[in-house]
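Chain by chain, the residues run as shown.
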Amino acid sequence: MYYLIYVSSATLALPTEALLQMLDQARSKNEKLGVTGMLLYKGGNFMQMLEGEKEIVVELFDTIRRDIRHHNVIQIKVGEIESRSFPNWSMGFTDMDTCEGLPKFDGYVQESLLDRKFRDDAKFAVQFMLTFNELNH
């Protein structure tokens, strides 16, 4: 099983309705492709972990990089995993802007999704994504 984590910025501000519509499209496409993962959104920025067959994940990431709704797309980490981290989610989602006040996530909610530490410490990026998986259960 292959995984890829990236960060990006929205080209335009996304109202909640547009964000949810994009999420529905991603879930439908991912389900057909056998891809699972988690999408985080905060203040106009995204962080996403995709997992599935390598060729499919790489092709999906290439599509995301060309998507005019994203810019500053930066690949954080890729690799092999024994099993899916998000087996129940064609695309889990957390709007981090709405997580304030949840003590378990306070340390994470303060982070900028474009923070350089994600690029410098890939383990931190993976743990960051997995923490929000708990919120979606």
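Fair warning: this is a prediction, and the values are worked out from it, not measured in the lab.

A. Region of interest: the nonpolar core. Leu19, Leu39, Phe46, Leu50 and Phe93 are the most contacted members of the largest nonpolar core, which totals 18 residues. Contributing elements (two or more residues each) for this core: strand 1 (2–10), helix 1 (16–33), strand 2 (36–42), strand 3 (45–52) and helix 2 (54–66). Ranked by size, the runner-up nonpolar core spans 15 residues in total, among them Met38, Ile76, Trp89 and Met129.

B. Region of the structure containing the sheet that holds strand 1. A sheet is described by the order of its strands in space; here 5 strands give the open sequence 4-1-3-2-5, paired in mixed fashion. In the strand order of this sheet, the two ends are held by strand 4 (70–80) and strand 5 (92–95), each with one partner. The mean angle between the axes of side-by-side strands here comes to 10°, regardless of whether they run parallel or antiparallel. Seen against the sheet, helix 1 touches strand 2, strand 3 and strand 5 and runs at an angle of roughly 165° to strand 5.

Parameters and conventions
Residues numbered from 1 in each chain as written. Predicted model: local features only at pLDDT ≥ 70, side-chain atom pairs only at ≥ 80, totals over all residues. Heavy atoms only, no water. Core = buried A, V, L, I, M, F, W, Y, C linked by side-chain atoms within 4.5 Å. Buried < 20%, exposed > 50% of the residue type's maximum accessible area, 1.4 Å probe, protein only. Helix = DSSP H or I, 4+ residues; strand = E, 2+ residues; numbered from the N terminus. Pairing = 2+ DSSP bridges. Axes fitted to C-alpha atoms, helices over the stretch in contact; angles between N-to-C directions. Contact = heavy atoms within 4.5 Å.

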